[in-house]
Every structure is written in C-alpha cells, then in structure tokens.
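Chain and residue survey
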Amino acid sequence: MKELFPKQHVMGFGFSLLLTIVALSVVTLDMSYNIAFTILLVTALAQATVQLVLFMHIGESEDKKTLYTSILYAVFVGVITIIGSLLTMIWGYQ
Amino acid sequence: MSMEEIFHPMQEPMILMAAISIVVGAIVVVAGLTYFKKWGYFYKNWLSTVDHKKIGIMYIAVALLMLFRGGVDALLMRAQTAVPNNGLLDAQHYNEIFTTHGLVMILFMAMPFVIGLMNIVIPLQIGARDVAFPRLNAISFWLFAAGCGLLNLSFIVGGSPDAGWTAYFPLASTEFSPTVGNNYYSLALQLSGLGTLMTGVNFITTIIKMRAPGMKLMKMPMFTWSILITNVIIVFAFPVLTVALALMMLDRQFGTQFFTMANGGMDMLWANLFWVWGHPEVYIVILPAFGIFSEIIATFARKNLYGYKSMVMSMVVISLLSFLVWAHHFYTMGHGVMVNGVFSITTMAIAVPTGVKMFNWLLTMRHGKISFTTPMLYALGFIPIFTIGGVTGVMLAMASADYQYHNTMFLVAHFHYVLIPGTVFGVLAGYHFWWPKMFGFRLNEKLGKLGFWLIAISFNVTFFPLFILGLDGYARRMYTYSESTGYGPLNMLSFIGALGLAAGFLVIVYNIFYSWKNMPRNEKADVWDGRSLEWATHSPVPEYNFAVVPTVTQLDEFWFAKKEGRDITAGKFEKIHMPNNSAAPFWMSGFFFLAAFFAVFSAWIPAIISLLGVFGFMIARSFEKDHGRYISVEEIMETEKRLRGDK
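In this text, all values refer to a predicted model and were calculated from it rather than measured experimentally. The written sequence of each chain sets the order in which its residues are numbered from 1. Chains carry letters and ligands carry numbers; both start at the beginning, A for chains and 1 for ligands, and go up in the order they are written. Confidence filtering applies because this is a predicted model: local features only for residues at pLDDT of at least 70, side-chain atom pairs given and counted only at 80 or more, and all residues used for totals across whole chains, interfaces and linings. The side-chain values count all of the structure's non-hydrogen atoms but skip hydrogen atoms and water molecules.

Helix numbering and strand numbering both begin at the N terminus, where a helix is a DSSP run of H or I of at least 4 residues and a strand a DSSP run of E of at least 2. Along chain B, the regular secondary structure elements total 21 helices and two strands. A principal-axis box enclosing the C-alpha atoms of chain B has dimensions of 70 × 60 × 45 Å. Only protein chains enter the accessibility calculation, which uses a 1.4 Å probe. A residue is then buried if its area is under 20% of the maximum for its type, exposed if over 50%, and partly exposed in between. Residue burial in chain B is summarised as follows: out of 647 residues, 57% are buried. In this analysis, two residues are considered to be in contact whenever any of their non-hydrogen atoms come within 4.5 Å of each other. Taking all contacts inside chain B whose residues are at least 6 apart in sequence as the whole, residues at least 24 apart take part in 82%. Using a 1.4 Å probe, the Shrake-Rupley method yields the accessible areas, and only the shown protein chains count as cover for residues. Taken as a whole, chain B presents about 25,800 Å² of accessible surface, with 70% of it coming from carbon and sulfur. For this count, His and the chain ends are skipped, Lys and Arg are scored as positive, and Asp and Glu as negative. Every charge is mapped to an atom, namely NZ of Lys, CZ of Arg, CG of Asp or CD of Glu. With 42 positive and 35 negative side-chain charges, chain B shows a spacing of 12 Å between the two charge centroids.

We now examine the overall build of chain A. Helix and strand counts for chain A stand at three helices and zero strands. Taken from the N to the C terminus, the helices and strands of chain A come in the order α-α-α. With C-alpha atoms as the basis for the radius of gyration, the globule rule is written as 2.2 Å multiplied by the number of residues raised to the power 0.38. Relative to a compact globule of 94 residues, whose C-alpha radius of gyration would be 12 Å, chain A shows 18 Å and is clearly more extended. Principal-axis analysis of the C-alpha atoms gives chain A an extent of 65 × 40 × 10 Å. Buried positions account for 21% of the 94 residues belonging to chain A. For chain A, restricting intrachain contacts to residue pairs at least 6 apart in sequence, the fraction spanning at least 24 positions comes to 54%.

It is worth spelling out the side chain of Thr199(B) at this point. Secondary-structure assignment places Thr199(B) in helix 7 (residues 181-209). In this structure, Thr199(B) is in contact with Tyr59(B), Ile115(B), Ser140(B) and Asn231(B), ignoring residues within four places of it in sequence.

All names here are of chain B. Pairing of aromatic rings covers Phe, Tyr and Trp, the last counted by its six-membered ring, and requires centre-to-centre distances within 6.5 Å; plane angles under 30 degrees mean stacked, over 60 mean edge-to-face, and any other angle means tilted. By the definition in use, this model includes 64 aromatic pairs over all chains. Judged by centre distance (5.1 Å) and plane angle (40°), the rings of Phe223 and Trp434 are tilted. Placement of the pair is Phe223 in helix 8 (residues 222-254) and Trp434 in helix 15 (residues 409-439), with a sequence separation of 211 residues. Taking the relative accessible area as the measure of exposure, Phe223 reaches 1% and is therefore buried. Each member of the aromatic cluster is reached from another via a ring pair, and the members are Trp165, Phe169, Tyr185, Phe238, Phe259, Trp270, Phe274, Trp275 and Trp277. Charge-over-ring placement is defined geometrically: NZ (Lys) or CZ (Arg) within 6 Å of the ring centre, and within 35 degrees of the ring normal. Over the aromatic face of Phe441 sits the side chain of Arg521, whose NZ or CZ is 4.1 Å from the ring centroid. The lysine or arginine in question, Lys575, covers the ring of Tyr630, its NZ or CZ lying 4.4 Å from the ring centre.

Moving on: the domain arrangement of chain A. By convention, interface size is frequently given as the accessible area that disappears when the constituent parts associate. As used throughout, domain bounds are those supplied by an automatic or database domain assignment. Each assigned domain of chain A is listed with its residue range as follows: domain 1 (1-56) and domain 2 (61-94). Computed over C-alpha atoms, the centres of domain 1 of chain A and domain 2 of chain A are 22 Å apart.

The next thing to look at is the UniProt feature "transmembrane region" (unreviewed entry) in chain A. Residues and elements named next belong to chain A. According to UniProt, the positions carrying the feature "transmembrane region" (unreviewed entry) are residues 12-29, 35-59 and 71-93. The annotated region residues 12-29 carries 94% helix and 0% strand content, and the separation between its end C-alpha atoms amounts to 25 Å. Strand forms 0% of residues 71-93 and helix 91%; the C-alpha atoms that close the span are 31 Å apart. UniProt positions are given in the numbering used here, feature names are shortened, and annotations may be inferred rather than shown by experiment.

Attention shifts here to the interface of chain B and chain A. Each partner contributes to the interface: chain B provides 25 residues, whereas chain A provides 17 residues. When chain B packs against chain A, close to 1,800 Å² is buried across both sides, 75% of that on carbon and sulfur atoms. On the chain B side of the contact with chain A, Phe236(B), Phe323(B) and Trp326(B) bury the most area, a combined 24% of that side's loss. What counts as a salt bridge is simple: a side-chain nitrogen of Lys or Arg found within 4 Å of a carboxyl oxygen of Asp or Glu. Linking chain B to chain A there are zero salt bridges. Counting of polar contacts relies on pairs of N or O atoms within 3.5 Å, with two restrictions inside protein: one atom must be capable of donating a hydrogen and the other of accepting it, and residues adjacent in sequence are counted only when both atoms are side-chain atoms. Across the chain B-chain A interface, the total number found is four residue pairs in polar contact (both at pLDDT 80 or more). Buried area counts how much accessible surface, traced with a 1.4 Å probe, disappears from two parts once they are put together, with both parts' losses summed.

A word on the UniProt feature "domain: Cytochrome oxidase subunit I profile" (unreviewed entry) in chain B. Sites flagged by UniProt as "domain: Cytochrome oxidase subunit I profile" (unreviewed entry) map to residues 35-553 of chain B. Helix makes up 68% of residues 35-553 of chain B and strand makes up 0%, while its end C-alpha atoms are separated by 52 Å.

All names here are of chain B. Tracing the backbone shows Pro585 in helix 19 (residues 584-600). For Pro585, a relative accessible area of 1% translates into the label buried. Note: C-alpha distance between Pro585 and Met618 (33 residues apart in sequence) is 9.9 Å. If we ignore the near neighbours within four places in the chain, the residues touching Pro585 are Arg135, Ala138, Ile139 and Trp142.

Time to look at the nonpolar core. Residue and element names in this part refer to chain B. Definition of nonpolar core: a set of buried residues of the types Ala, Val, Leu, Ile, Met, Phe, Trp, Tyr and Cys, connected through side-chain atoms within 4.5 Å. Counting 198 residues, the largest nonpolar core has Trp270 and Phe425 as its most contacted members. Top contributing element to this core by residue count: helix 9 (residues 267-301), with 22 residues. With residues near it in sequence (within four places) discarded, Trp270 still touches Thr166, Ala167, Tyr168, Phe169, Tyr185, Ala244, Leu245, Met248 and Phe259.

Residue and element names in this part refer to chain B. Axis angles are defined between N-to-C directions and span 0 to 180 degrees, where every axis is a line fitted to C-alpha atoms and, for a helix, only to the segment in contact. It is the contact of helix 16 (residues 445-471) with helix 17 (residues 488-518), at a shortest axis distance of 8 Å, that shows an interaxial angle of 160°. Our classification of the angle between helix 16 and helix 17 gives roughly antiparallel. Helix 16 and helix 17 meet at a crossing whose hand is left-handed. Split into classes, the residues belonging to the contact of helix 16 with helix 17 amount to 21 nonpolar, ten polar and no charged. Orientation is classified from the angle alone, with under 35 degrees giving roughly parallel, over 145 giving roughly antiparallel, 65 to 115 giving roughly perpendicular, and any other angle giving oblique. By convention, the crossing between two helices is left-handed when the near helix turns anticlockwise from the far helix through less than a right angle, and right-handed when the turn is clockwise. Classes in brief: Ala, Val, Leu, Ile, Met, Phe, Trp, Tyr, Cys and Pro nonpolar; Asp, Glu, Lys and Arg charged; the others, Gly included, polar.

All right, on to unusual backbone geometry then. Leaving glycine aside, a negative phi is the common case for residues, and trans is the common case for peptide bonds. All names here are of chain B. The omega torsion of the bond from Phe169 to Pro170 falls at 5°, within 30 degrees of zero and hence cis. Along the chain, Pro170 falls in the loop between helix 6 (134-153) and helix 7. Here Ser539 and Pro540 are connected by a cis peptide whose omega angle stands at -10°. Note that Pro540 resides in the loop between helix 17 and helix 18 (557-564). With a phi angle near 50°, Asn85 is a residue other than glycine that sits in the positive phi range. With respect to the secondary-structure elements, Asn85 resides in the loop between helix 4 (52-81) and helix 5 (91-125). Its identity is not glycine, yet Asp556 carries a phi of approximately 55°, on the positive side. Mapping Asp556 onto the fold places it in the loop between helix 17 and helix 18. The exposure class of Asp556 is buried, given its relative accessible area of 13%.

Here we come to the pattern of salt bridges. Residues and elements named next belong to chain B. Counted by the stated rule, this structure contains twelve salt bridges over all chains. The residue Glu557 makes a salt bridge to Arg566 at a minimum N-O spacing of 3.1 Å. Taking relative accessible area as the criterion, Glu557 reaches 4% and is therefore assigned buried. Looking at Arg566, the relative accessible area reads 38%, which means it is partly exposed. Residue Arg566 is joined to Glu564 by a salt bridge in which the shortest nitrogen-to-oxygen separation is 3.0 Å.

Pasting the structure below:
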C-alpha cells in the first residue's frame, strides 16, 4: 500500500501551495520593493524546481543528461537576454 | 476600412499586373487539376500527407517559388537604382519591395529551403522511419504556408509592409505607418514563426530519440549535428520573436504603449528584441549550410571529414555566441562605449569557430581526389566568397569603424556576401546533392554547372560594387539619387549582375523540366558514392524509409560497410508501424490563416470565429483515437522487389 501512495506528488502539491501563498504575501503585506522582488525571485525559482523535479521527474529518465543540458542552455539564454537587454537599453544607454 | 482602401494597391499598374498574373496562375492550376482529374490524388497524397519526405518537397517547392517572388523584388530594386533619378518606382513602392524582399528571402525562402532539406534528409540520415511527431510536422508546414500566403497577399489587399524587414519603431507604429501593411507583418510572421517553433521541437526530439541502434551522438553525420544545433537555436530564439510580434500587434491594434516614445514606452526595445531573435536567426539559416557543405566536401573529396570533434565543438560555440552579439546591429543608436565594446568583442569571437570550420574543410580536401560535380562546385565557391563576407563582417564588428559603415550599402554587400554563398549556395548544393534521393533521377550536370557559374560570377558582379558604393557613402534603402553623386556607373554594373543572377536561377528551374524529361530513371540508390545512411536505401525512398533499420557502429558506417562488402540493410523483414495521413493540419492552418487575415483588418468577430475553428480541430484531436497502421511483410517484400528492379 505504501508504494501506491503518491508521496512525491502530494509533497509537490503542498510545496506549490506554500510557495504560492508566500509569493502572494508580496501583494497583501506592505513591504519594500527590494524585499518584495527578492521574495518573488526566490519563490519563482523554487516553484520551477518543484515542478521539474516532483511533477516532471526530470532526474528519473535515462536521458536526464540531455534534459539538464537543455535546461542549462535555457537558463544561459534567458539570463543573457535579460541582463543583456538591461545593459544595452538602460545601464549602458547614454 | 472601406473597400477603396483595401484595394488601393491595385491602382498601381505594376501591382495590378502581378495580381492578374496570380489569379491567372491560380486558375491554370485549378483547371489543370480538374482536367487531369488529380484532385483526389493531390488531396490524399500531398495536402493530407504526414510523410516527412513529401512535406520536405513541399517546403522546397514553396521556397523556390518565393525565391522568384523575392528575386523579382530584388530585380525591381536594382532596376530602379540602375540610373540616377529613375522613375520606375516611387518612394512608397520602393519601400514596400525592399521590405518584402528581406522578409521573403529570409523567412519564406531560406528558412523553408533549410527546413525542407532537413525534413527530407534527417530521418534518412539517422535511420528513422519518420520524424518524432509526423502530424505536428504537417501542422508546421501548413502554418508556414499560411504565413507565407498572408504576407504575399498583402501587396494586393491592403498594402505591403513598408518599414523595412526590421520594422523598427517608431517608424512601424500606426502613427508613421498607418496602413495595414505592418499588421500583415506581425501576423504573417507570427503564423510561420509558430510553425518553425514546432519544427524545432519536432527535430530535436527526432534526433535525440530516434537514431538507429548504435548511432551515438558523436557518430552522427555532420549534417545531423548541424540540424540538431540549429533546432536548439530555433527553440530558444523564436519565442523572443513571438513575444515581440505580439507586443507589436498590441501596440498597433490595441493602443498599448510598449514601443512608443511617450507614456513610458521604449521604441528601442523593439530593435533590441528583434535582434535578440534576429541574430540567432542568421545562424539558423547558416549552420545547416555548414552541415551540407561538410557532407558534400567529404563525399566528393573521398575522404573522412577532417576534425569531426572540432567541427561539432565549433558549432556548439557558434550557437552560444549567436545569443551574445545582437547589439552589434545597432551600435550607432546611442548606447555607451562599454556596451559597444562588449558586443564588439563577442562579435569578433565568432570568427574563431567559423575559421576552425573553414580550415577543417580545406584540410578535408587536402590530398583528396576531388570530383567536380555541381554540389561540390557550390561548396568550393562558398569558401572564398564566404570568406570575403566574413572578413567584412569583422570590419563591421568594430564599433567605432561601424559608425562609418552603418546603414550604407557596405553593410548590404556584407550580408549578401554571407547569406548568398552561405545559405543560398548551401541549400542549392544540398538540393542538387539530394535530388536523386527525392525523385530517383539526377539533375543534369551540364545545366547544373552552367547555373552555378552564372550565379557565382553574377553574384560578385552584383554585390562587389556595393562595397565600394557603401564606402563612398551610398546609404541603403534610398529609392533614388542624383547624378552628381557619381553612384550611377557602379549601380548600373550591379543591375547587370542582377540580370545574370536571374538568368542563373532560371537555368536552375529549367533544369528541373529538362532533367524530368531527359534523365535516366534507373538511377542506383547510391548515386554519388555517398557516406551516410540516406544512400543505403532506395531512390526514390519508399514510404517506410528502411525495410530493415540499419545498425551502426561508427561514423560513416555505410561507407565502411561498402568498402568491406557488407550490406547494412540486410535482415529479416518485420511489419512496420507508420502514422496515418490526416487533412486536419491543412484545414486547421486554413482557419489560422482566416483568423490572421481578419485580424489584419481588426475585424475581430470573424477572427474569433475562425479561431474557434482552430480550437475545434484541437479538441477533435484530443478525442481522436489514432494508433497508426501497419505495413505488412508481404507489402514490404513487394515494394523492395519493385524498387530493387531485381536485376
């Protein structure tokens, strides 16, 4: 019976609910812009990890190397695009 | 919008003529299909096919058609600027054709040609029976076709986009481009972009999951490698375009302020987003060409590809660097020295992996026994001409020097020197190389070579003068100039070259008809003495590709098996599982087309109704039970016997 209980999924569901509530606190509680954004960034990353690991089982398939590589690549492209756009459009703009 | 506004482009005689010829052409096709009773055949075998080879052939057919559409635009531009103060086109018409020339050539000629070749070749090269998601593949094609049709419709109905293929804001905003032209831009590109994105997902999955047993990643043919990397770039670059186009549509049709100059909008953000997609896009069309050249050079030099690992590594590095250089497209738009410095360095860095590839190709040919076939001529022509493009690229990469070159004909000459020998020579080489695999007969070599020499020589005559004109200060996108500038003679020379290029492309198309009539049909499967798996199966390829899926132990297994006298396709036949055909992708894209067309004119109610049609097909698909079908052993045996000709 123990094997049949979807422990991971229930845990994942709990975590996602918790993370959503924490993220929601940014709107309901009164806090500074910097703190609010830090909370949002951290919970968003945690949420993405929960989804990938607990629901999409990223580490459990035989081609996990491919999956991790493509996620790394995606993070690389995303970070470059965002930081680069900020650099060209705001920080480095004369 | 009144009818008069919608049909205003037809007041111009040239456009009216083009419109009439399109209508006449359509009537001829419809009448022909009816007369020869081919509607059923056409519908069953082409419109509703999910076969990767047929989809590939349709991609290439559209690409060739669009080559002529874009080519006519180019000829008109060169004719207009051939002499000073020419009145052939007015400024508006000139704006429209340089915009559509760019769009058509990049998105509706280069892209489908590349995607068409990858459709035909990749499953064969990796020993698969189809792509991972055959029906998705059909949707990709029909969405692309819908986008292509929509953009081509624009010049008759409502007016073409006229703000350049880059559609920079604020010029592309409703304030400065009040016609529906740029609505066409955002929606047509959106449709075909969605198709391309699906192709990306499809081919990554195919290459990762469906390789023949034993074919490790580092044992894949170089073309497959280049396509894998290309599709990775597609998947990461195209979403940026999707978002940018959606924002453009919102700005133009819903009054948002993303790219405006007031209310917190930022016009430069469009240029930024466009090139975040646009620069990787350049590598999306050039890397497959690198793959094609690698195959062709190894095949016709009769040698193993030199430096396999460094070839793969350099492509991976190029794909990463391609996301790091986009700001070099707007050095002069006001960011500081630090930003320009960073992007200068990353841009020049791309020359290093590209140089590695160049030397690898040269070293592959060293001591080789080269046979000068048409595909090999394109590969050989590519190396010196592309190098000129690369060297001028490094010149442009220097931000401070770029202030001199920016927006001049020097830039135009540079990117034609990269894209024509790179992409166009590449796809033409692949087209001549794999033609016998598609249709079972060769293209005539004499006509092929004539086409190559006409194109290679005329290309230089057309575009080399533009370097000089650019250095003399001739700005791009000027519809005319005065005689006192002295730009006349070189522009005339360039026009003469353009005529030669047109002649070259006509020879290539004539070659199809000539070879179809005259070339022998009993061509053997391995016409070129090839190296990779696609040459192991029959020409033309049977529906199931391989009767027995070959097992691979090394790179170029087929080549070594041939030398050792082994037959890698031998084995016991088993029934083969194949996907069913479906016309749903065609009709679904039809609804997409209608939705986009109505959206262009902001007719939201019919657009939403058409979108409901799209959703209807999605829902139907969710409830559809389609487990494919099996080809029986007897049927395979019969087909194999017929294709072998049992001599």
